[in-house]
Amino acid sequence: MVSFTHDDPGTSEAVWATSGAAELPELPLDHEELAGRAFIVLAAHPDDETLGAGGLLARLRAVGATVRVLLCTAGEGSHPGSPTTTPEQLAAVRLQEFGGAMTQLLGDREWQCLGLPDGKLADHREQIRAAVREAVSEVSAACGAAAGDVVLVAPYRSDGHTDHDVLGSAAADFTAAEGCALLEYPIWYWLWAAPDAPVSTGDPADPAFSAGPAGAAWRGWFRLTLTPAEQQAKAAAMAAHRSQVQPLSGLPGDEVLLPAAFLAHFERPWETFAWHPASAPSDGGAPHPYAARDAERLFDAVHAREADPWQYTSSWYEHRKRALTLAALPASSYAAGLEIGCSIGTLSVELAPRCGSFLAVDASSAALNHAARRLAHLPAAQTRHLTVPDEWPDGSFDLVVVSEVGYYLSPAELGALLDRIRDALRPGGTLVLCHWRHPVSGWELDGDSVHAAARSQLGWAGGGVYRERDFVLEVLLAPDAAPDAVPDRGARERGR
């Protein structure tokens, strides 16, 4: 647990503005996807919902999504030394303010206060779980949403405030057990965290991962760009919480709780969320999602039915994506290249000529046979049957390509793969990631979660990102590299 108070200077918004947070990837939920889901919004105190997710709530109202808001406490502990207002009076004031904020964000949508004691949610975990379970049942019955279409929106589980951390952890436990999705919103994190903090060890793709005070957790989050109307609704809702943004009186103990410097973090034209898509429930009776150990069996069967099951050779989508991938490489040539998950070798045959040596690996021996035939005329290219991350080639590389394969791993396996890549990529080397952005049936991860995990776990500089509705293409550069420092023979020739 970090230690801070509301009036600590902390990390200023000016520092965050230069951090790269504004370039985080967009939350991969468009209006249609939001409208098709049901949302349970959890707030520990009145104003948490507005600070962390006010813009999102305004959007959910606009698209007609099913929304239920659970407020855990009345926030009666915000001014413990007030000489003018008792906790009971403050609770009444803050609930009235909360109602006003909800009107700005959600209109007449239903909300409920659980009436739990401010500052003591840790003693009431079971009541929180029961209330969430009841809310999920109610919204599911109302709109027919399956568990995977229900999204819990909760405080970031390592936000640093005891109540926020308890509520966030309870939400994370519930979604893992029941197969719901989770959006976590940070609040106090923006005050105490440092943008350039070192990346924590562990598996950031695991929903149980907590970056902790020293971790640059934000690098794996997503950004929801707000429209002007959503920004206005959020500002109006924040103004409704007068007891928090204005002093209760001029006396000591009645000072403003949320000063302007802190509120600046929430006046950005975007909001930030940690996104955890729904996965299979963790109870023993549910089928387990696939993992790397299943890849050879599954994909050998697919390739036994069709030589090119994903139309790599005939689809314009695939041709275009390969061209974009090749164009994204920051160097014209590499000493040693490695492609993980090469499939039938359609990308391999275009990567290999740009490498002094090239190794293409895949878990499917059937697919690899096609790749080997496709690469046979290139003496520097080799293929190898490996199931990563447990199996891994010897040597080091200055180019590693992971295309349309990261989501075929479990979260733990993806973390292990990223560790393998970190150890194998030479200083200044290039890592290229390219993945489909939609859910992959039977597997826990999707493309956006793979890329978020890579950014968070590796903490490497970005060499460029291209994102559209169906796929995301991203280049990460190992330490000691920068785009203008990568050898480019063509650039030198043009400069003569």
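Counting of residues starts from 1 at the beginning of each chain's written sequence and follows it residue by residue. Only residues with pLDDT of at least 70 are given local features in this predicted model, and only at 80 or more are side-chain atom pairs given and counted; all residues enter the totals for whole chains, interfaces and linings. Here the side-chain values reflect all heavy atoms present in the structure, with hydrogen atoms and water set aside.

Visitor: I'd like to hear about the overall build of the chain, residue by residue, with values.
Guide: We count a stretch as a helix when DSSP gives it H or I for four or more residues in a row; a strand needs E for two or more, and each element gets its number in order from the N terminus. Within the chain, the secondary structure is distributed over 17 helices and 14 strands. Out of the 496 residues in the chain, the part that is buried amounts to 55%. For the chain, long-range pairs separated by at least 24 residues make up 77% of all intrachain contacts whose partners lie at least 6 apart in sequence. Approximately 20,300 Å² of the chain is accessible, and the part contributed by carbon and sulfur atoms is 53%. Summary of the burial criterion: residues with accessible area below 20% of their type's maximum are buried, those above 50% are exposed, and those between are partly exposed, where the area comes from a 1.4 Å probe applied to protein chains only. Contacts: residue pairs with any heavy atoms within 4.5 Å of one another. Note on areas: Shrake-Rupley with a 1.4 Å probe; residue coverage comes only from the protein chains shown.

Visitor: Explain the pattern of salt bridges residue by residue, including any values.
Guide: Here the idea is simple: oppositely charged side chains can pair when their charged atoms come close. Definition used for salt bridges: Asp or Glu carboxyl oxygen within 4 Å of a side-chain nitrogen of Lys or Arg. Evaluation of the coordinates by the stated rule reveals 16 salt bridges. For Arg 223, the salt bridge goes to Glu 26, with nearest N and O atoms at 3.2 Å. A residue pair is termed long-range when its members are at least 10 positions apart, and Arg 223 in strand β6 (residues 222–225) and Glu 26 in the loop between α1 (13–17) and α2 (31–35) qualify at 197 residues. Its relative accessible area of 15% is what places Arg 223 among the buried residues. Arg 129 is the partner of Glu 126 in a salt bridge, and the nearest nitrogen-oxygen pair spans 2.9 Å. Here the residue Glu 126 and the residue Arg 129 both occupy positions in helix α5 (residues 125–143), the gap between them amounting to three residues, near one helical turn. Taking the relative accessible area as the measure of exposure, Arg 129 reaches 28% and is therefore partly exposed. In this structure, a network of salt bridges that share partners links the residues Arg 68, Glu 110 and Glu 138.

Visitor: Go over the nonpolar core with me, naming the residues and quoting the values.
Guide: Throughout this description, the term nonpolar core refers to a set of buried Ala, Val, Leu, Ile, Met, Phe, Trp, Tyr and Cys residues connected via side-chain atoms within 4.5 Å. Formed by 58 residues in total, the largest nonpolar core has its most connected members in Val 153, Leu 183, Tyr 189 and Trp 221. In this view, Val 153 contacts Phe 39, Ile 40, Val 41, Leu 42, Ala 53, Leu 56, Leu 183 and Tyr 185; residues no more than four positions away in its chain are not counted. Grouped together as the second largest cluster of nonpolar side chains are 38 residues, Ile 340, Val 361, Ile 421 and Leu 433 included.

Visitor: Can you lay out the environment of Ala 142 for me, pointing to particular residues and giving the numbers?
Guide: Mapping Ala 142 onto the fold places it in helix α5. Along the primary structure Ala 142 and Thr 66 are separated by 76 residues, whereas in three dimensions their C-alpha atoms are 8.6 Å apart.

Visitor: Pulling in residues and values, what's your account of the sheet that holds strand β14 (residues 471–477)?
Guide: Read across the open sheet, the seven strands follow the order β10-β9-β8-β11-β12-β14-β13; overall the sheet is mixed. Two strands lie at the open edges of the sheet, namely β10 (381–385) and β13 (461–467), each paired on one side alone. For this sheet the average axis-to-axis angle between neighbouring strands, irrespective of direction, equals 15 degrees. Here, strands pair whenever DSSP counts at least two bridges between them. In the sheet, strand β12 (residues 425–436) pairs with β14 via seven bridges, with the strands oriented antiparallel. Each residue of the ladder has a partner; that of Thr 430, found in β14, is Leu 477. Where helices are involved, their axes are fitted lines through C-alpha atoms of the stretch in contact, as for all axes, and angles between N-to-C directions lie from 0 to 180°. Sitting on the sheet, helix α14 (residues 365–375) touches β9 (355–362) and β10, and the angle it makes with β10 is about 170 degrees.

Visitor: Which residues make up the packing of helix α3 (residues 48–63) against helix α4 (residues 87–106), and what are the values?
Guide: As a packed pair, α3 and α4 sit with axes 8 Å apart at the nearest point and diverge in direction by 40 degrees. Of the possible angle classes, the one that applies to α3 and α4 is oblique. Facing Glu 49, Thr 50, Gly 54, Leu 57, Ala 58 and Arg 61 of α3, the residues of α4 in contact are Phe 98, Ala 101, Met 102, Thr 103, Gln 104, Leu 105 and Leu 106. For classification purposes, an angle smaller than 35 degrees is called roughly parallel, one larger than 145 roughly antiparallel, one from 65 to 115 roughly perpendicular, and anything else oblique.

Visitor: Go over the side chain of His 241 with me, naming the residues and quoting the values.
Guide: On the secondary structure map, His 241 appears in the loop between α8 (228–240) and α9 (242–245). When its relative accessible area of 0% is taken as the criterion, His 241 is described as buried. Aside from chain neighbours lying at most four places away, what touches His 241 is Pro 46, Asp 47, Glu 49, Thr 50, Glu 97, Phe 98 and Ala 101.

Visitor: Can you explain the sheet that holds β6? Please cite residues and give values.
Guide: Taken together, seven strands build an open sheet; the order of strands is β3-β2-β1-β4-β5-β7-β6 and the sheet is mixed. A single partner strand is all that each edge strand has here, and the edge strands are β3 (111–113) and β6. Neighbour to neighbour, the strand axes of the sheet diverge by 25 degrees on average, direction disregarded. By the bridge criterion, four bridges tie strand β1 (residues 38–43) to strand β4 (residues 150–155) in an arrangement that is parallel. Within β4, the residue paired with Ala 38 across the bridge is Val 150.

Visitor: Please provide a residue-by-residue account of the pairing of β1, values included.
Guide: Along β1, six of the six residues are buried, which leaves the element largely enclosed by surrounding structure. The alternating pattern of β1 places Ala 38, Ile 40 and Leu 42 and Phe 39, Val 41 and Ala 43 on opposite faces, both of which are buried. Two strands pair when backbone bridges link them, and β1 and strand β2 (residues 66–71) are joined in this way by six bridges, in the parallel orientation. Bridge assignment links Ala 38 to a residue of β2, and that residue is Thr 66. For a crossover, the right-handed case is the one in which the path from the first strand over the helix to the second runs clockwise, viewed with the strands pointing away from the viewer. Read from β1 through α3 to β2, the crossover connection turns out right-handed.

Visitor: Describe the pairing of strand β11 (residues 397–403), with residues and values.
Guide: Counting buried positions along β11 yields seven of seven residues, so the element is predominantly enclosed. With four bridges connecting them, strand β8 (residues 334–340) and β11 associate as parallel partners. Following the sheet pairing, Leu 338 is matched in β11 by Val 400. Sheet topology note: the β11/β12 ladder contains six bridges and is parallel. Counted as the bridge partner of Phe 397 is Leu 425 from β12. For the handedness criterion, the β-α-β arrangement of β11, helix α15 (residues 411–424) and β12 is classed as right-handed.

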